Structure formats: structure tokens, C-alpha cells
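# A structural walkthrough
Here's the letter readout for the chains.
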Amino acid sequence: MSLLSFLKEVFSFANHMDTTIKTGFKFSQEEVREIVSTSKPENLKYFETLAKMPNLKTFDISFLLSKTNLDDEKIEIIKKAQELYKEEEFQAHGQTCSDFIFRVGANLEYLNMNNIEIFKELVKCKNELYDFKKALQNPMHYLNHHEAKTGYAFERIYY
């Protein structure tokens, strides 16, 4: 065995060990490379913050970094939104955390700390709507504040 082939084998083995070592980070090197390659360059500085959020998966982070325009305020909104997600509440409607985060990302321009609770209730409704722009811009209009009126199903009964 020549020195060159020996060194190639050592480097190959070292590279293999590097990819199999568990570092405690929740994403593999392959997943990190994929996320970074699809991300907007201006959003990369938020990767570590998003990665530390416990409910976010690879797909969620990749979507947020590649399809949204992030800033510090929006990161706080995402952090609050993923804390609001309770699996018991949403799973009854067939919605996963990724569905919820996708809707957060789709409406991130209209979300703020004041309307995030209303947004959560809107998302809990079983529907295919992803754009809550009108409801988030004027949340008071969409809240149920109707007076309770007593009424009858029939005003006249015909015999």
C-alpha cells in the first residue's frame, strides 16, 4: 500500500466518521447544507435562532428562510407562534405543526404580537384558507360580538 492510497483511506474514514458523529444538533450536516442552499442570503443570520426553536423541523426552517423576509420582530412572532401551537388542539382538526408554521409564514407580513392569538383561533378552524390578510388587518370586524336575539324558526305554523 502506497503512502498516497493510505492517506486517501484515512481521509475517507475521517470524513465518514465526521458524518456519523452525533453532535447534539437536531439537524444532520446534509439537512443543514440543504437549508443553507435554499435560503435567502439575508435570512441566513436567523438560522441558528430558528434551529433552537423546539417545534420547528427541517422543512419549516427551510420554508421560513427561503420564502419569507425575516427581521428581528418577525422572529419574535415566529417564536411566539410556535409556542402557541398545542398539538392536542390542532391535531383534532388534522393540522400538524408544519401546517401551522406554513400558515404563519404565509401571513408573516400581517402578524404582530397583538393579533397572534386571533390568528391561532383562525388557523384552528378546519379550512383550506392560508391567507388571513383581511382578518389580521381588521381583527375586531371578524370577532363574534353579536347580541343574542331570541328568535323562532317559524313565524307562522300552517295546518
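Everything here concerns the structure above.
Okay, so let's go over this structure. Just so it is clear, the structure is predicted and the values come from calculations on it, not from any experiment.

## Quick look at the overall build of the protein chain
Of regular secondary structure, the protein chain possesses 10 helices and zero strands. Going from the N terminus to the C terminus, the protein chain shows its helices and strands as α-α-α-α-α-α-α-α-α-α. Taking all 159 residues of the protein chain together, 31% fall into the buried category. Sequence separation of at least 24 residues holds for 63% of the intrachain contacts in the protein chain that already meet a minimum separation of 6.

## Brief notes about the pattern of salt bridges
All chains considered together, the criterion is met by five salt bridges. A salt bridge links Lys52 to Glu48, with the nearest nitrogen and oxygen atoms 3.3 Å apart. With a closest N to O distance of 2.7 Å, Lys74 and Glu109 form a salt bridge. Taken as a pair, Lys74 in helix α5 (residues 72–84) and Glu109 in the loop between α7 (97–106) and α8 (116–124) lie far apart in primary sequence, 35 residues in all.

## Section: the packing of aromatic side chains
Counting across every chain of the model gives five aromatic pairs. Ring geometry for Phe63 against Phe102: centres 4.7 Å apart, planes inclined by 40 degrees, an arrangement best described as tilted. Remark: Phe102 occurs in helix α7 and Phe63 occurs in helix α4 (residues 58–67); sequence separation between them is 39 residues. For Phe102, a relative accessible area of 31% translates into the label partly exposed.

## Overview of the environment of Lys120
Its place among the elements puts Lys120 in helix α8. Separated by 20 residues in sequence, Lys120 and Phe100 place their C-alpha atoms 8.6 Å apart. Not counting residues within four places of it along the chain, the set of residues in contact with Lys120 comprises Leu84, Glu89, Phe90 and Phe100.

About the thresholds
- Residues numbered from 1 in each chain as written.
- Predicted model: local features only at pLDDT ≥ 70, side-chain atom pairs only at ≥ 80, totals over all residues.
- Heavy atoms only, no water.
- Helix = DSSP H or I, 4+ residues; strand = E, 2+ residues; numbered from the N terminus.
- Buried < 20%, exposed > 50% of the residue type's maximum accessible area, 1.4 Å probe, protein only.
- Contact = heavy atoms within 4.5 Å.
- Salt bridge = Lys/Arg side-chain N within 4 Å of Asp/Glu carboxyl O.
- Phe/Tyr/Trp six-rings, centres within 6.5 Å; stacked < 30°, edge-to-face > 60°.

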